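Observations on the three-dimensional arrangement
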Amino acid sequence: MRAAAVTGARGVALTERPFTTMVNLRVDIASEAADRIGKALGAPLPGQCGTTTASGPHTVVWLGPDEWLVLSQADATAVTAELREALQGAPGSVVDVSANRTTLELGGPSARQVLEKGCPLDLHPRAFGPGRAVSTTVGPVPVLLWKVDDAPTYRLLPRSSFSGYLARWLIDAMSEYRGPEVP
């Protein structure tokens, strides 16, 4: 991935961000348990499609009306235990899914154009700004796509078994940015 990076005005780079803690959370957002979980995380659970909330080492990504993915730099066992404690036996679930996905980071001035080669979403900043995250596809691979900032930097979370294929697909899509722009 490092060798495939493109520098300059049309730059784009791909890296892996290994060992991110990922905890799948299911709970009724209108419940007291959801409030307790929000307090434990330091931010409320996002309430609508495509949104995220963040506090300290945690980012919470909306996956569905009663489902979220907690991404964290904290220890997976500690995060899972803290969220299970906040659930306090209420209906719901807290499951460590850290080994289920990996995180690829695509950034640089041409990152959006690389993704647009195989992603059906409107990735223009007016439609998909920082903090937005949705389930989609890039090429033929299902991913959770999260726009981290305006640089732009995107994080792609494919299932681990698809990560090698997706990385090669992105590297191929990046290759045209090595040369001059064709008018």
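Summarised in this report is the structure supplied together with it. Small disclaimer: the values here were computed from a predicted structure and weren't measured.

1. Brief notes about the pairing of strand 5 (residues 67-72)
- Strand 5 sits mainly inside the fold: five of its six residues count as buried.
- Bridge analysis of strand 2 (residues 21-27) against strand 5 gives six bridges, and the strand direction is antiparallel. Counted as the bridge partner of Thr-21 is Ser-72 from strand 5.
- Here strand 4 (residues 58-64) pairs with strand 5 via six bridges, running antiparallel.

2. A look at the pattern of salt bridges
- The full count for this structure, using the stated rule, is six salt bridges.
- Its salt-bridge partner being Glu-176, residue Lys-117 comes within 2.4 Å of it at the nearest N-O pair. A residue pair is termed long-range when its members are at least 10 positions apart, and Lys-117 in the loop between helix 3 (111-116) and strand 8 (133-138) and Glu-176 in the segment after helix 4 (163-174) qualify at 59 residues.
- Here Glu-176 falls in the partly exposed class, since its relative accessible area comes to 44%.
- Via salt bridges that share partners, Arg-17, Glu-105 and Arg-155 belong to a single interconnected network.

3. What to know about the sheet that holds strand 10 (residues 153-158)
- Spatially, five strands are ordered 1-7-10-9-8 in an open sheet, and the strand pairing comes out antiparallel. Every interior strand has two partners, whereas the edge strands, strand 1 (13-16) and strand 8, have only one. Averaged over all pairs of adjacent strands, the angle between their axes in this sheet comes to 30 degrees, without regard to strand direction.
- The pairing of strand 8 with strand 9 (residues 141-149) spans six bridges and is classified as antiparallel. Residue pairing for strand 9: Ala-133 is matched across the bridge by Trp-146.
- On the sheet, helix 4 packs against strand 1, strand 7 (104-107), strand 8, strand 9 and strand 10 and is oriented at approximately 10 degrees with respect to strand 7.

Cut-off values and rules
Each chain has its residues counted from 1, running along the sequence as written. The predicted origin of the model limits local features to residues at a pLDDT of at least 70 and limits the giving and counting of side-chain atom pairs to 80 or more, whereas totals for whole chains, interfaces and linings rest on all residues. Hydrogens are left out, water is left out, and the side-chain values use all remaining heavy atoms of the structure. Only protein chains enter the accessibility calculation, which uses a 1.4 Å probe. A residue is then buried if its area is under 20% of the maximum for its type, exposed if over 50%, and partly exposed in between. In DSSP terms, a helix is any run of H or I states spanning at least four residues, a strand is any run of E spanning at least two, and both are numbered starting from the N terminus. Any two strands are treated as partners once DSSP identifies two or more bridges connecting them. Take a side-chain nitrogen of Lys or Arg and a carboxyl oxygen of Asp or Glu: if they are within 4 Å of each other, that pair is a salt bridge. As a rule, the C-alpha atoms of each element are fitted with a line to give its axis, helices using only the stretch in contact, and angles between N-to-C directions run from 0 to 180 degrees. Note on contacts: a residue pair is in contact if any heavy atoms of the two residues lie within 4.5 Å.

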